[in-house]
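What follows is the residue order along each chain.
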Amino acid sequence: MSDLPTGTVTFLFTDIEGSTRLWEDAEEPMRLAMVRHDEIVDGVVEECHGVNVSPRGEGDSRFIVFPDATEAVTAAIGLQRGLQAETWDLPRPIKVRIALHTGIADMRGGDYYGGAVNRSARLRSLAHGGQTVISGSTNELVQDTLPAGISLRDMGLHGLKDLTRPEHVFQVDAEDLVNEFPALKSLDAVRHNLPTQLTDLIGREREVVELTEYLRNGRLVTILAPGGTGKTRIAVDVAAEVSDDFPDGVFLVQLAPIASPEGIPQAIAEALDVSLSSDADMQQQLLDYLRAKQQLIVLDNFEHLAEAARLVPAMLEAAPGVKVLATSRIRLNVSSEVVYPLGGVDLDAENLLESDAAQLFVTEASRAMPGFTLQPADEEPLRQILQLTQGTPLAIILAAAWVDTLPVREIAEEIARSVDFLETEQSDMPDRHRSMRAAFDYSWEMLGEEERKLFSQLSLFRGGFTRDAARAVAGASPRDLARLSNKSFLVANPDTGRFVVHELLRQYGEEMLTADQALCDETIASHVDFYVSFLEDACNQIFDANSPPRSNSSSRTSKMSEQPGTPPSRPVAPPLAPAPPSPSFSSTRSTAGISRALSSSVMPPPPS
């Protein structure tokens, strides 16, 4: 929208409390009620000089922006008054929770993004139906300019569901409205052990929304991805997002330090702050404890304990109110598992510099070198960095950390030269995340010998490959490819039938291949044979297609001249001479011969 205000603006987010239940209980009356709801909202927004941006979030929410904070608060109270005064033909009246937050507008592609928008949405999740809350920044702007009859109530500091810094929250009271509500629904009111995050989550809004939906509709969701993709961070944000659904709390279980499957029940019990007796079966004690609970358990880094995955369905069977969100580099392969493959941060923006991946790079670079700004000469090197890293958050963070030492162009060159460039000396990084090589080593150890051999052979392909190419070059069966996909080494694209390898992981596999010279030579020979055969077939098809017809033309001409009563209008041309035979490449594997064929015809792209 061209009329969206810029600079410092006030965001207003609304949401109807319990709208899903209202739709289920009275669909047609709710449809009519929503028409009236929209009329009330649009009338107040226009009167207070706001701009409707779009529905944003779950349910029947609205996203509105105001250039003036006081008018935004006036609009919020006007909405509450208008909705409260209405008579609703519904089982329950419509009650809307409203949140306002003031911040700098981050405009990209004609829409608002960034931390201010995220904070506004998270602030809304604290409120109850009929309640209006504002952030500390909005309070600073409006406390001395409020209309008569409106006041502010200090609600204190509250942790938000995005788990960054807490927010100082104020409730907006009006003399003619209900002003007493239950405690705010912040993380402080929910039992949890979720860690406080020191940075905002960038570029994962879609993934958080989708995972939240999957988790609300199912009971076991696994975030599947290789190391460095940000599985844990997203899982924590999703757990915070759904925390209201679990009266008995949400809990993160760190499995990375657990050496054997036998330690899983104790690790879960410690996260839940439950004591288990060593004199009885620990798993059974855990199941007995969970039986009546309504909890979300986040099992983080399950990959090295996958053989014990059957414990998860046992928990779900014993405790109908429990749900599990797992992160892993390997599928759990148990019943009812919903697998969510996680890729890199978005690279698909029309302008690369406005993509989420570029924003992540610039944000991290600014931490490494305060005052860092991207220069025009950096655009192409940054494009190369993002393509090489394929949007992997850890790789982008490690690359951005170098800006205080090297220009962006040299960072791109070093990444293209070796995966070893991407490493850090930060003391708070887990060992498996201190470098991209460490992340790959951790995954490599989970492959069997034959899987390692196969992946190293497949790393010879650049840009992906088809199943036929993998079978011809590396002898890979469909089951082999599925196993590597299930362990996050390959990504299958069902639409194209191709398999893709992350470029940095491909570099790693290529190193492993070159370390075994005999296997490397054998794989290269198979690779060359496959593509030479492909080129031969394609060239022969092209020459066959370009050869002039030898019989149909003369036959048609002859028949035309023989039709009775129809003399030819001009002399009949003599039959065409037989076309020369199409050149065949079956007798040679000569590069020169193939080059000559390519120079005279346009070849289709190879199948890998």
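Before any of the text, the structure's been laid out above.
Okay, so let's go over this structure. Just so it is clear, the structure is predicted and the values come from calculations on it, not from any experiment.

### What to know about the overall build of the chain
Assigned secondary structure in the chain consists of 22 helices and 17 strands. When the 608 residues of the chain are sorted by exposure, 49% land in the buried category. Of the contacts made within the chain by residues no fewer than 6 positions apart, 75% connect residues no fewer than 24 positions apart.

### Thoughts on the packing of aromatic side chains
In this structure the tally under the stated criterion is 14 aromatic pairs. An angle of 65° between the planes, with centres 6.0 Å apart, marks the rings of tyrosine 214 and tyrosine 340 as edge-to-face. Of this pair, tyrosine 214 sits in helix 6 (residues 205-217) while tyrosine 340 sits in strand 14 (residues 338-341), placing them 126 residues apart in sequence. Judged by centre distance (5.7 Å) and plane angle (70°), the rings of tryptophan 444 and tyrosine 508 are edge-to-face. Taken together, the positions of tryptophan 444 in helix 15 (residues 436-444) and tyrosine 508 in helix 19 (residues 503-514) put the pair 64 residues apart, joining distant regions of the chain. Across this residue pair, the class does not change: tryptophan 444 and tyrosine 508 are buried. These aromatic residues form a ring-pair network of at least three members: Phe440, Trp444, Phe455, Phe489 and Tyr508.

### Here we look at empty space enclosed by the protein
Using the criterion set out here, one finds 2 cavities of 30 Å³ or more in the structure. Lining the largest cavity are Ile77, Gln80, Gly130, Gln131, Thr132, Val172, Asp173, Ala174, Leu177, Val178, Asn179 and Phe181. Listed by contribution, the elements that provide at least two residues to the lining of the largest cavity are helix 3 (69-85) and strand 9 (167-174). Here the lining of the largest cavity gets 3 residues from one element, more than from any other, and that element is strand 9. In terms of residue class, the lining of the largest cavity is built from 6 nonpolar, 5 polar and 1 charged. Considered as a void within the structure, the second largest cavity measures approximately 30 Å³ in volume.

### Observations concerning unusual backbone geometry
In this model, asparagine 333 sits at a positive phi of 55°, which is unusual for a non-glycine residue. Inspection of the secondary structure assignment puts asparagine 333 in the loop between strand 13 (323-328) and strand 14. A positive phi angle, close to 70°, is found at serine 488, a residue other than glycine. Residue placement: serine 488 occurs in the loop between helix 18 (478-486) and strand 16 (491-493). Under the relative-accessibility criterion, serine 488 is labelled buried at 10%.

What counts and what doesn't
- Residues numbered from 1 in each chain as written.
- Predicted model: local features only at pLDDT ≥ 70, side-chain atom pairs only at ≥ 80, totals over all residues.
- Heavy atoms only, no water.
- Helix = DSSP H or I, 4+ residues; strand = E, 2+ residues; numbered from the N terminus.
- Buried < 20%, exposed > 50% of the residue type's maximum accessible area, 1.4 Å probe, protein only.
- Contact = heavy atoms within 4.5 Å.
- Phe/Tyr/Trp six-rings, centres within 6.5 Å; stacked < 30°, edge-to-face > 60°.
- 1 Å grid on protein atoms, 1.4 Å probe; cavity = no way out; pocket = protein on both sides within 12 Å on 5 of 7 lines; lining within 4 Å.
- Points joined across faces, edges and corners; volume = space filled by probe spheres on them.
- Nonpolar A, V, L, I, M, F, W, Y, C, P; charged D, E, K, R; others polar.

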